[in-house]
Amino acid sequence: MALLKLGSKSEAFCCEGQTWRCKSGLPSDITIEIGEMSFYLHKFPLLSRSGLLEKLMSESTKEDGSICVLQLTDIPGGAKAFELVAKFCYGVRFELTPLNVVSLRCASEYLQMTNEYGEGNLVTQTEAFLNDVFGNWTDTIKALETCEEVLPHAEELHIVSRCINSLAMKACSDSKLLNWPVMENSNDNTAGSDVWNGISTGTKPQPMTDDWWYEDVSFLSLPLYKRLIQAVEAGIMRPENISGALVFYAKKYIPLMNRQASFKDASHAKSASTPSEADQRALLEEIVELLPKQKGVTETRFLLRLLRTAMMLQVSPSCRENLEGRVGLQLDQATLDDLLIPNIGYSVETLYDIDCFQRILDHFLLLDQASAAASPCIMEENQLVEGNQSLASITRVANLVDSYLSEVAPDVNFKFPKFQSLAAAIPDYARPLADGIYRAIDIYLKAHPWLTDIEREQICRLMNCQKLSLEASTHAAQNERLPLRVIFQVLFFEQLRLRTSISGWFFVSDNLDNSQNLSGAIGQHGDNTAQGRGSSIEDMRGRVTELEKECNNMKEEFQKLVKTKRRWNIFCRRKSQCNSKSGKPSEAATCPTLPKIH
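Scope of this entry: the structure provided in the associated data block. Note that the coordinates shown come from a computational prediction; the quantities given were computed from them, not determined experimentally.

Scanning the entire structure with this criterion turns up 17 salt bridges. Note that Glu109 and Arg105 form a salt bridge whose closest N and O atoms lie 2.9 Å from each other. With Glu109 and Arg105 both in helix 4 (residues 101-110), this residue pair falls four residues apart, about one helical turn. Exposure remark for Glu109: the relative accessible area of 36% places this residue in the partly exposed category. Of the residues examined, Arg105 reaches a relative accessible area of 8% and is grouped as buried. When the shortest N-O distance is used, the salt bridge between Lys226 and Glu286 registers 3.0 Å. Separated by 60 residues along the polypeptide, Lys226 in helix 11 (residues 222-234) and Glu286 in helix 14 (residues 277-290) bring together distant segments of the chain. Through salt bridges with shared partners, a single ionic network connects Arg105, Glu109, Glu127 and Arg162.

Dropping the structure here:
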């Protein structure tokens, strides 16, 4: 830490309670009152250094020779700063440090302690020492923190802006090129290694990383921290580093964010004083405004945690919309657990905030459509790469939506229009496989058995039966919760797929037979190869026969299912007619469901 010793005389003052006296033996002829503290001093040492005190003494001099009393309630730094000013005027030894130089610089300016009232006056001494402080990272931070005590005066003298510019310049500099941090009080022969008892241990300091300055500046108040972030942003710092610093600051001063954080983060947050919810709300809104807006700079997980905390703190609607838009910009990087945001309040219906997820998805789809409209034709190689990335992005989001629907589908309060809106928002080309949406539909139908036949038909139209895997098709063909039309479609497309596969296999087998006939004159090695191909053809034909049997079994099961339903319909109609004649209530609504196919 930088240090400057001023004065040469020994201590000549004593403090008794709220009274501060000079021990020179001469009676004091002036009293200066600052708050509750009274300083009993002498006029000459003070007026010889301060223009303001000279002026006040001349205005308040009394002819009767009574002691002059001055009120200095507005002096920067208060009684503590004036104590050092008095020592300077009397030539008493004291130390100028980064912790007191700002208040002394402001107090000396207030008291007009310029070189006009003595060579090397306090204004000159403190200004020169400030320049030394600005050359050191740690000393500059200490000086900036003390600016809070005399902020208006420090702003007027541009001390705050000079501190911030000094810190921003050092933070934006390459730590490897400048060899940060500088090892103080070290000789050239031991630089770069630790020394114990004059012996070099040979160990070198750890290499600096891009986050070396995060914790140091996190002790600044929000207004000063905001100005520092704006300064490093103007200094062309990488957006990733700015985002990292803001994440560190948010986790430290917003305890609500650390409820689901790691133990290390939570314990770190408890070490600082817990701010009120109003302060946390104001801090969160400021951080959202300061975060870089580029995609991928800030982790999606942090943005979603910030959004969840914002809902708990009830931030402004503009702040929440800003966060939802940022998450929507990089929704393809999110995970399902982070998107399951609980509903807050007592009047909510669903367990999770489905409306919030809908808005985030809408933001993503709007951006995806805008990017697709900007480059409708893919001609060059770089455009081809961008197109593939866009397709991969929306495919990941489609899988995310299907997983989200499967997770929230068991909620009985999850309304049908919301489910339909979420599922239909994803275009068909974004789902190369329809197993995910089928699983979500099946879970929703199971949890909502009161849906009408029309609603069941509508919800099943959300999936493309042609894109179901073999396992999903087998399950759907036996799913009694699906409408018969959907089961028929599944069987039809499965049979179509089977015919296509059979045609392809016969085409391959014919080509192999032709190649065997053409290569009949080849030697023994060729005969062995032909025999191996012939055996593989027999295996494929056996597989085709098995698939044909499976297809016939599926047809028989489907015919049984249709006949069973017709019998039950005839039975229900006859039963209702009998009940209407006898006056008994109809039991058609209590007909059992169709038997499950095994």
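Continuing now.
Two strands in a sheet stick together by hydrogen bonds in their backbones, pointing the same way (parallel) or opposite ways (antiparallel). One open sheet holds the five strands; their spatial order is 2-3-5-4-6, and the pairing between them is mixed. Two strands in the sheet have a free side with no partner beyond their single neighbour: strand 2 (13-16) and strand 6 (68-71). Pairs of neighbouring strands in the sheet enclose a mean axial angle of 20°, with direction left out of account. Pairing of strand 4 (residues 30-34) with strand 6, which is carried by four bridges, proceeds in the parallel orientation. Its bridge partner being in strand 6, Ile30 is matched across the sheet by Cys68. Contacts from helix 2 (residues 51-60) reach strand 4 and strand 6 within the one sheet, and its direction differs from that of strand 6 by about 130°. Across the sheet, helix 3 (residues 78-90) is in contact with strand 2, strand 3 (19-22), strand 4 and strand 5 (37-41); its angle to strand 5 comes to roughly 10°.

Below, the discussion takes up the nonpolar core. Residues Ile32, Leu41, Phe82, Val102, Trp213 and Leu284 are the most contacted members of the largest nonpolar core, which totals 148 residues. Other than its neighbours up to four places away in sequence, Phe82 contacts Ile32, Ile34, Phe39, Leu41, Leu72, Ile75 and Leu111.

Attention now moves to helix 2. Buried within helix 2 we find Gly51, Leu52, Leu53 and Met57. In this fold, the buried residues of helix 2 make contact with strand 4, helix 1 (43-47), strand 6 and helix 4. The opening residue of helix 2 is Ser50, an N-cap whose side-chain oxygen sits 3.5 Å from the backbone nitrogen of Leu52.

Counting through the fold element by element, Ser50 comes out in the loop between helix 1 and helix 2. Ser50 gets classed as buried once you look at its relative accessible area, which sits at 1%. Setting aside chain neighbours within four positions, we find Ser50 in contact with Leu111, Gln112, Met113 and Tyr117.

How each quantity is defined
- Residues numbered from 1 in each chain as written.
- Predicted model: local features only at pLDDT ≥ 70, side-chain atom pairs only at ≥ 80, totals over all residues.
- Heavy atoms only, no water.
- Salt bridge = Lys/Arg side-chain N within 4 Å of Asp/Glu carboxyl O.
- Helix = DSSP H or I, 4+ residues; strand = E, 2+ residues; numbered from the N terminus.
- Buried < 20%, exposed > 50% of the residue type's maximum accessible area, 1.4 Å probe, protein only.
- Pairing = 2+ DSSP bridges.
- Axes fitted to C-alpha atoms, helices over the stretch in contact; angles between N-to-C directions.
- Contact = heavy atoms within 4.5 Å.
- Core = buried A, V, L, I, M, F, W, Y, C linked by side-chain atoms within 4.5 Å.
- Polar contact = N/O pair within 3.5 Å; in protein donor to acceptor, adjacent residues only side chain to side chain.

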